Structures are given as structure tokens and as C-alpha cells.
There are 2 protein chains.
Amino acid sequence: MKTPPEKIPQAAIQRLATYLQVLEAMDKDGIDKISSEPLAKACEIQPSQVRKDLAYFGEFGTRGVGYYVPLLIERIKSCLNVNREWRAALVGVGNMGRALLNYQEFRRHGFTIVSAFDCDPFKIGEKVYGLEVFCTKTLAEKVPELGIEIGIITVPPERAQRAATQLVNAGIKGILNYSAARISVPENVHVQYVNFFHQIYTLTFNISNNVPSKASKASKKY
Amino acid sequence: MKTPPEKIPQAAIQRLATYLQVLEAMDKDGIDKISSEPLAKACEIQPSQVRKDLAYFGEFGTRGVGYYVPLLIERIKSCLNVNREWRAALVGVGNMGRALLNYQEFRRHGFTIVSAFDCDPFKIGEKVYGLEVFCTKTLAEKVPELGIEIGIITVPPERAQRAATQLVNAGIKGILNYSAARISVPENVHVQYVNFFHQIYTLTFNISNNVPSKASKASKKY
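Residues numbered from 1 in each chain as written. Chains lettered and ligands numbered in written order. Predicted model: local features only at pLDDT ≥ 70, side-chain atom pairs only at ≥ 80, totals over all residues. Heavy atoms only, no water.

Participant: Mind laying out the packing of helix α1 (residues 10–28) of chain A against helix α4 (residues 69–80) of chain A, listing which residues take part and the relevant values?
Facilitator: All names here are of chain A. Two elements in contact, α1 and α4, have axes whose closest approach is 10 Å; the angle formed by their N-to-C orientations is 150 degrees. Judged by the inter-axis angle, α1 sits roughly antiparallel to α4. Of the two elements, α1 crosses α4, and the hand of that crossing is left-handed. Residues Ile13, Leu16, Tyr19, Leu20, Leu23, Glu24 and Asp27 of α1 form the contact with α4, whose own contacting residues are Val69, Pro70, Leu72, Ile73, Ile76, Lys77 and Leu80. (Axes fitted to C-alpha atoms, helices over the stretch in contact; angles between N-to-C directions. Helix = DSSP H or I, 4+ residues; strand = E, 2+ residues; numbered from the N terminus. Parallel < 35°, antiparallel > 145°, perpendicular 65-115°, else oblique. Left-handed = near helix turned anticlockwise from the far one by under 90°. Contact = heavy atoms within 4.5 Å.)

The structure is reproduced here in C-alpha cells:
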């Protein structure tokens, strides 16, 4: 019994990313079967939550056996539709942009930055990790030409809206926004914000208030 | 009526980071009063959720008036204990490390990286954005000396646990882990993971399933 996609909490999708990370590490270590308890422990999430999250996408486990690791990885990837390549364009070749252009985990997970853009004439034409930096004005031409579906914004906050508008006009379907500014896009375009302060503030709050750490529930490895 | 810190959902803390970002942009634009409806719209969060999140920390608003923007900013900062400086050490001076060392938003929000560490002899002694790179072996000495409370891990996944152990042994209170690996720490140390795939997978899932975008609820600006 699958849940319709729009009824699945976005927080569950985010937890799937953690399950995948842990399962892939287990798979690499040759672990082929896992029950929800140790998987939950490794992810520092309640076992009941893990079972509930996975149940949104159908029945994955076998009673008394648990989950087959490689199979569960494939099923989760298929649910998230990340068992294929996603092509992205990066706008803003500053420090954060360069870090992402060289971030091996993206490519390893089928998330390929195929093109980089900037509006600085000194950066246009430069080669960064094998990619030529193009003028942002060429986005409308490059996005369809290179089959790009996702835009990554790594410009300073004051230029974020302009970058978003250029990406939208180029026909992008979704935006990953690393800049510290909210952006406004049409209804048919999806936006996800990467805001480092979500984690920083949670950390400082937990330290300041001595909120019990999740580590107590974690196993020694995973 | 304040809620005890350990009863406040961590997701609420993360939303406070978004409220702060939006409120600070409003404050910069000279907006001094706001009710929960437009604040919620700007954050793409339900108004009832905004009211609930703020209520965890006491009564902030005035009936019929809403919230005073500068006051609300100060109150949220005080709740999160981020109205003071937090000193951090960064371990792993690669691309991501360098991007964070030069990330102006950190310093602007009182989150100061005061020292950088690496185990690569070619990097030790190098100056990166004004900071000298120290050998990770000196962490135990530098952390208390420089009043560092937080460690930031930006090493490759296979070196994350070693970096975490070194930080813990140096007496760190919390870790912000940017590496794509789970780490294991003692109960008294807090860890927050920055996993870019949380947002990427949510984005690809929403695009693939055509889940209604939140943009429809957002105002034109903020």
C-alpha cells in the first residue's frame, strides 16, 4: 500500500537520505541484511520512525529477516527517483560554488553539475574543475541544450533573486539555493534551501540547554 | 509559559533559523512590525506553525499589532543563545573547508571560525583567509587555548571519525559534520549533520512527483 507522493512528509524524504547514506556504508562493508533496530540506531532515529518512513513507499522488509541491504538501497533510490542521472547548472563560481563543483559525493550519487555560470567577466571563460564558466546570460540557451533540470544558486544573497529568475526563464524545474536569501519563483518551480544555520542553531541550542545528545542511542559503528 | 528545552522539537529550532533570516532581511528594509501571516508567507510555513514555534519560547507578540521585528529578532537570538560569539575550529582544509572559512554569513552571525586544522604536511603552516593551518595533533592544545566550543568537520568521509575523535579528545562540546559519513561520539558531545542530499532528494522527489510547490503560498517579496 503506497502513500500518494503529496501525502508523504518532506521530513520523511530527508530521513531517507540518511538511511541511504548509512545503508551504502553497510553495503560497502559487506553487510547484506539488516533489521530496523540496528538501522535506526545507526541513523540515530527511532526504530518505529524508520519502519513508518519506509512503509510510505510500500512493503520492503521480510518478517523475521529484516531488509536486504542492496535491495533496500535500490528500492529507496527508485522511490526517490535518484536511480538515474540528474543534470544541474551551478550559478555563482565563488568559494561555495567551487567547493560544490569539486564535491565528489554529488557525481557519485548521479547528481552531475554539467555547467557553471557567473556574471563576472573575469570568471567567464575560466576553467574550474574541467568546466568552462559561462556568462549567466547564456543560461536560456545552455539549459535546454545540455538537458539541465536543476539550478544550484551559490551567489551572494543580494544576487540570489536575479540568478533564480534567470534559471526560471531558462526553463529549470527545481532550484537548490545555497545563498542566504529567500527567493521567489513561479508555482511550477520547486525550491529547496540549504541553510547552514538550521544545524548551527540546533547545535548551539542543544549545547546551551544541555539537551540529551542522540549519541547515547547510537551504536559504536554506523 | 516557556516549554522546557528538551521538549522543543528540533524541527522548530530549525524553523527559527528561517524566521531569523527573513526577519533580518525585513529589518534591513526598515519593516518594524509584522504579524504572523506575512511572516509565515515569507518563510513558506503555515501561520499556525509559526505561532506554535514562537510560543515554545513564551509570548512574543501583541494582540492586534503582531510582532516588533527588532525585538522579535533579539528574542529569538536570545532563545537560541546566539546573541553571543561561538568560537569554532575547522578540521579539513579542502574545498569545502576553504569555502566555509570564507563564508561571511558565519562571522556576521557570531559564529567565528578561529582556527583551521589539517593533517596534510603540505597544508600545515599555509595561510587560508588570514588563518594559519595547524596540524590536527595540536587540537588538544589549541581548543582550550582559543576558547573553542565547536568543531567543524570538512574532511573526506573516511577520515571523519578520526577528526571527530581528535575534536572530542580536545574537549569540544559540539560538532558540525559536513563529511558524508556518520560519526560516533560520547553522550556529552552534540553532533549535527549537514547532508546536502536531504535537500537534493526532496527536490528530485518533488519534481518527479509533481508535488505542489510551496511557492504558491509565498508572497512576491520575502
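Participant: Report on the environment of Leu16 of chain A, specifying residues and quantitative values.
Facilitator: All names here are of chain A. Mapped onto the fold, Leu16 is located in helix α1. C-alpha of Leu16 to C-alpha of Leu54: the two residues are 38 residues apart in sequence and 8.1 Å apart in space. Other than its neighbours up to four places away in sequence, Leu16 contacts Leu54, Phe57, Ile76 and Leu80.

Participant: Talk me through the environment of Pro70 of chain A; I want residue IDs and the actual numbers.
Facilitator: Residues and elements named next belong to chain A. Secondary-structure assignment places Pro70 in helix α4. Put simply, Pro70 and Ser35 are 35 residues apart on the chain and 13 Å apart in space, counted from C-alpha to C-alpha. Setting aside its immediate chain neighbours within four residues, Pro70 contacts Asp27 and Asp32.

Participant: Lay out the interface of chain B and chain A in plain terms, naming residues and giving numbers.
Facilitator: Each partner contributes to the interface: chain B provides 77 residues, whereas chain A provides 77 residues. Summed over both sides, the interface of chain B with chain A buries roughly 7,000 Å², with 65% coming from carbon and sulfur. One can count 2 salt bridges joining chain B with chain A. Residue Glu44 of chain A pairs with Arg182 of chain B through a salt bridge whose shortest N-O separation is 4.0 Å. The tally of links from chain B across to chain A stands at 13 residue pairs in polar contact (both at pLDDT 80 or more). Elements with a minimum of two residues in the side of chain B that touches chain A: α1 (10–28), α2 (36–43), α4 (69–80), α5 (95–101), α6 (104–108), β8 (174–177), β9 (190–193) and α9 (196–209) of chain B. (Buried area = accessible area lost by both parts, 1.4 Å probe. Salt bridge = Lys/Arg side-chain N within 4 Å of Asp/Glu carboxyl O. Polar contact = N/O pair within 3.5 Å; in protein donor to acceptor, adjacent residues only side chain to side chain.)

Participant: Please give an account of the sheet that holds strand β5 (residues 127–128) of chain B that cites residues and values.
Facilitator: With mixed pairing, the 7 strands of this open sheet are ordered in space as β5-β6-β4-β3-β7-β8-β9 (chain B). With partners counted over all chains shown, the strands left at the sheet margins are β5 and β9 of chain B, one partner each. Bridge analysis of strand β3 (residues 86–91) of chain B against strand β4 (residues 111–118) of chain B gives 6 bridges, and the strand direction is parallel. From the neighbouring strand, Val91 of chain B faces β4 of chain B, where its bridge partner is Phe117 of chain B. In this fold helix α9 (residues 196–209) of chain A packs onto β3, β4, β7 (150–153), β8 and β9 of chain B, with an angle of close to 170 degrees to the strand it touches most, β9 of chain B. Most of the contacts of helix α8 (residues 160–169) of chain B go to β7 of chain B, to which it runs at about 165 degrees, and overall it touches β3, β7 and β8 of chain B. (Pairing = 2+ DSSP bridges.)

Participant: For the sheet that holds strand β4 (residues 111–118) of chain A, give the residues involved together with the corresponding values.
Facilitator: In sheet architecture, strand pairing relies on hydrogen bonds along the backbone and comes in two forms, parallel and antiparallel. Read from one edge of the open sheet, 7 strands run β5-β6-β4-β3-β7-β8-β9 (chain A), paired in mixed fashion. Looking along the sheet, the strands with just one partner apiece sit at the ends: β5 (127–128) and β9 (190–193) of chain A. The strands touched by helix α8 (residues 160–169) of chain A are β3 (86–91), β7 (150–153) and β8 (174–177) of chain A; relative to β7 of chain A, the strand with the most contacts, the crossing angle is about 165 degrees. Along the sheet, α9 of chain B makes contact with β3, β4, β7, β8 and β9 of chain A, crossing β9 of chain A at roughly 170 degrees.

Participant: I'd like a description of the relation of the copies chain B and chain A, backed by residues and values.
Facilitator: Two copies of one chain are present, and they are related through a rotation about an axis combined with an axial shift. For the pair chain B and chain A, the relating rotation is 180 degrees, the translation along its axis is 0.0 Å, and the fit reaches an RMSD of 0.0 Å. Such a combination of rotation and displacement between the chain copies is what one expects of a two-fold axis. No C-alpha of chain B approaches the rotation axis more nearly than that of Ala99 of chain B, which lies at 3.2 Å. A share of 100% of interface residues in chain B that are also interface residues in chain A marks the association as one of identical surfaces. (Least-squares fit on C-alpha atoms with pLDDT ≥ 70 in both.)

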